[in-house]
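Here is how the chains run, residue by residue.
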Amino acid sequence: MAIQAPNLTRVVDPDGTVNERTDPELSESEVTDLYRLQVLARTFDEKAVKLHRQGRIGTYAPLQGQEAAQVGATYALSESDYCFPTYRDHAMYLTRGLDLEEVLVYLLGEGNYVDRENPDELRTFPPTIPIATQVPHAVGTGMAADYKGDDAATLVSFGDGATSEGDFHEGMNFAGVFDAPTVFFCQNNQWAISVPRERQTASATIAQKAQAYGFEGVRVDGNDVLAVYSAVKDALDAAKDGEGPRLIEAVTYRQGAHTTTDDPSKYRDDDEVEEWRKKDPLERTREYLEDTHDWSDDDEEELREWAEQRVAEAVVNAEERTGLSVDDIFEHVYAKTPDSLRRQRQQVVDDPEVER
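Figured I'd write up the structure that's included with this text. Given the structure is predicted, the values throughout are model-derived calculations rather than measurements. (Residues numbered from 1 in each chain as written. Predicted model: local features only at pLDDT ≥ 70, side-chain atom pairs only at ≥ 80, totals over all residues. Heavy atoms only, no water.)

What to know about the pattern of salt bridges
Right, so step 1: This structure, assessed with the given rule, holds 19 salt bridges.
Right, so step 2: The shortest N-O distance in the salt bridge between Glu300 and Arg286 comes to 3.6 Å. Taken together, the residues span a long stretch of sequence, with Glu300 in helix H11 (residues 297-319) and Arg286 in helix H10 (residues 281-293) at a distance of 14 residues.
Right, so step 3: Look at the salt bridges and you will find they share partners, linking Arg286, Glu290, Asp297, Glu300 and Arg304 into a network. (Salt bridge = Lys/Arg side-chain N within 4 Å of Asp/Glu carboxyl O. Helix = DSSP H or I, 4+ residues; strand = E, 2+ residues; numbered from the N terminus.)

Encoded structure:
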């Protein structure tokens, strides 16, 4: 028997119409901030792709099309909440307050996003490359916060492809059994590299998978930043009130390649991409601002110029950084360094051919 799929919720329709019933009624400055962060993320994303083509950074995972999902979800977090992004979630770090330069330093191989000297100041973990491994970590962190009596929840982000991994199901099951204050945030961008969503799962939606683990699944328009914010905020508040976990499926689309080493034209049609471009999240937010807060062409031009300048300055500053040495490979691996690792480190120190 088929399980009924959760309805798709949104605040701003693709044509710009506002659903007053679901509008979170954020202030003009807050909505402007949501748009500013999306524009900054898009501008950075376009520059990063160019930097890879010029050989200035390594393989990069573009986020174009997913800005609203990432910005909206992260904007809902409080300072005490924990965030577990994945490798495509550059906009999450920007929204969480990480400087753009630090994101670029990571891509240059000279840093790791998080200031390990002051980890409590930004409860955001480094990106995970292996698929779904961050899911059990987020559940465990949420449970630890609950045991300590902290007013905190965890948000863990992943793609639709991650729902085919055991870590996803183990984390969901553990969270359901122990009522972990964890919000599972799936950015369903329709493609797990070259595999479409319908080859990932036979269920009608990702959201309904939560029912198997005893908690609620919510399906939201991932290109509607207000709807994403509202859904994640509600889930985080419920988790901190002791109501347990929630799974949110943000339905969105990866407009670009899976990574800069991928050619999406090999596995998807241009017509499909064009249809999703018509639902672009930045255009949706801009239309909302124009209709409700008198956003003007001058405002738009000023914002775009600001974003271009911020990105350009960050690139210059990041490329001047040399933050890591070979010694750093051995740091932050164990709480107490074992003898075997200490010996390996000494071998590196004694090797005259190793650049330090």
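Back to the text.
Some points on the side chain of Gln187
Right, so step 1: Along the polypeptide, Gln187 turns up in strand E4 (residues 182-188).
Right, so step 2: Beyond its immediate chain neighbours, meaning those up to four positions away, Gln187 contacts Gln66, Ala69, Gln70, Asp89, Met92, Ser157, Phe158, Gly159, Asp160, Ala250 and Thr252. (Contact = heavy atoms within 4.5 Å.)

A word on the pairing of strand E7 (residues 216-221)
A regular strand places its side chains on the two faces of the sheet in alternate fashion.
Right, so step 1: Here strand E1 (residues 8-9) runs beside E7; their pairing, made up of two bridges, is parallel. In the sheet register, Leu8 faces E7, and the bridge partner there is Arg219.
Right, so step 2: Pairing analysis gives six bridges linking E7 to strand E8 (residues 246-251), with the strands arranged parallel. Within the sheet, the bridge partner assigned to Glu216 lies in E8 and is Arg246.
Right, so step 3: Tracing the backbone out of E7, into helix H8 (residues 225-240) and back to the parallel element E8 gives a crossover that is right-handed. (Pairing = 2+ DSSP bridges. Right-handed = clockwise from strand over helix to strand, strands pointing away.)

Notes on the pairing of strand E3 (residues 154-159)
Right, so step 1: Within E3, five of the six residues are buried, which leaves the element mostly enclosed by the surrounding structure.
Right, so step 2: Here three bridges tie strand E2 (residues 82-84) to E3, and the two strands are oriented parallel to one another. Counterpart to Tyr82 in the pairing with E3 is Thr154. (Buried < 20%, exposed > 50% of the residue type's maximum accessible area, 1.4 Å probe, protein only.)

Quick notes on the nonpolar core
Right, so step 1: Among the nonpolar cores identified, the biggest contains 61 residues, and Phe44, Tyr60, Leu155, Phe185, Leu226, Val232 and Ile248 are the most heavily contacted of them.
Right, so step 2: With sequence-adjacent residues up to four places away left out, Leu155 is seen in contact with Ala73, Leu77, Tyr82, Cys83, Phe84, Met92, Val183, Phe185 and Val232.
Right, so step 3: The next biggest cluster of nonpolar side chains, apart from the first, holds 23 residues, and it includes Tyr82, Met143, Ala145 and Ala210. (Core = buried A, V, L, I, M, F, W, Y, C linked by side-chain atoms within 4.5 Å.)

Notes on the packing of helix H2 (residues 67-75) against H8
Right, so step 1: It is the contact of H2 with H8, at a shortest axis distance of 7 Å, that shows an interaxial angle of 35°. The handedness of the crossing between H2 and H8 is right-handed. Together, Ala68, Ala69, Val71, Gly72, Ala73 and Tyr75 of H2 and Val225, Val228, Tyr229 and Val232 of H8 make up the contact between the two elements.
Right, so step 2: When the residues that make up the contact of H2 with H8 are grouped by side-chain class, the tally is nine nonpolar, one polar and no charged. (Axes fitted to C-alpha atoms, helices over the stretch in contact; angles between N-to-C directions. Left-handed = near helix turned anticlockwise from the far one by under 90°. Nonpolar A, V, L, I, M, F, W, Y, C, P; charged D, E, K, R; others polar.)

Comments concerning the sheet that holds E7
Right, so step 1: Read from one edge of the open sheet, six strands run E1-E7-E8-E4-E3-E2, paired in parallel fashion. Either end of the sheet is taken by a strand with one partner, and the two such strands are E1 and E2.
Right, so step 2: Each of E1, E3, E4, E7 and E8 is contacted by H8, which is oriented at about 175° to E8, the strand it contacts most.

Notes on the packing of aromatic side chains
Right, so step 1: Evaluation of the coordinates by the stated rule reveals nine aromatic pairs.
Right, so step 2: With a centroid separation of 5.9 Å and an interplanar angle of 15°, the aromatic rings of Phe184 and Phe215 are classed as stacked. One end of the pair, Phe184, is in strand E4; the other, Phe215, is in the loop between helix H7 (197-200) and E7, with 31 residues separating them in the sequence. For the pair Phe184 and Phe215, one class covers both residues: buried. (Phe/Tyr/Trp six-rings, centres within 6.5 Å; stacked < 30°, edge-to-face > 60°.)

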